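Chain residues, written in single-letter form:
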Amino acid sequence: KRIYFVSDRFTLGLPNLCYIALDAPKEIRQITNIGVTSPYVSSDGIYIFFVSYFEETRGEVYQIHLVTGEIKRITNDKYLDFTIPLFERILTVTVVWMKETIAFSSKKI
C-alpha cells in the first residue's frame, strides 16, 4: 500500500510524482522526472493519470503504468489541459476508469 503525491524534493522547482510505502514511511521514492500535476490513481491501482507539460506547453493528460513505468500520452489536441492553482479556484475533479474509457468531470465549489 502506498500514498502517491507530487513533490519537487528530488527535482527542485519541477514537481514530480512520488510515493511513500506505508510499511516504510520514511523512504520517499520518485516515480517521474518529467514534471507532473493532478495525479489520480486508477480504481484497479495499476495506473496513475496526470497532467504534464513536458511535450506541449498547453499540457496533456498521461498515464503511467505503476509496474513497468511506461508513460503513455492520453490526450493529443490543441486544447489547454491544465490545473488551475488551488488558491485561484477550488475544483472537485472526478475521474472514472472503466476498461479502456476515462471520464473526467469537474465542478467549481
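Everything below is about the structure printed above this text.
Residues numbered from 1 in each chain as written. Predicted model: local features only at pLDDT ≥ 70, side-chain atom pairs only at ≥ 80, totals over all residues. Heavy atoms only, no water.

Draft legend 1. Representation of the sheet that holds strand E5 (residues 47-52) within the structure. In space, the four strands of this open sheet follow the order E4-E5-E6-E7, with antiparallel pairing throughout. Of all strands in the sheet, those bounded by a partner on one side alone are strand E4 (37-41) and strand E7 (71-73). Geometrically, the sheet is characterised by an average inter-axis angle of 25 degrees between neighbouring strands, direction not taken into account. Direction of pairing for strand E6 (residues 60-65) relative to E7: antiparallel, over a ladder of three bridges. (Pairing = 2+ DSSP bridges. Helix = DSSP H or I, 4+ residues; strand = E, 2+ residues; numbered from the N terminus. Axes fitted to C-alpha atoms, helices over the stretch in contact; angles between N-to-C directions.)

Draft legend 2. Region of the structure containing the packing of aromatic side chains. With the rule as written, the count across this model stands at four aromatic pairs. Aromatic side chains Tyr 4 and Tyr 19 sit 6.0 Å apart centroid to centroid with 50 degrees between the ring planes, which places their arrangement in the tilted category. Here Tyr 19 lies in strand E2 (residues 16-21) and Tyr 4 lies in strand E1 (residues 2-7), a separation of 15 residues in the sequence. Ring plane angle 40 degrees and centroid distance 5.1 Å describe the contact between Phe 54 and Tyr 62, whose orientation is recorded as tilted. A relative accessible area of 40% means that Phe 54 is categorised as partly exposed. Taken together, the ring pairs in this structure connect Phe 50, Phe 54 and Tyr 62 into an aromatic cluster. A cation sits over an aromatic face here: Arg 2 above Tyr 19, 3.9 Å from the ring centre. (Phe/Tyr/Trp six-rings, centres within 6.5 Å; stacked < 30°, edge-to-face > 60°. Buried < 20%, exposed > 50% of the residue type's maximum accessible area, 1.4 Å probe, protein only. Lys NZ or Arg CZ within 6 Å of the ring centre and 35° of its normal.)

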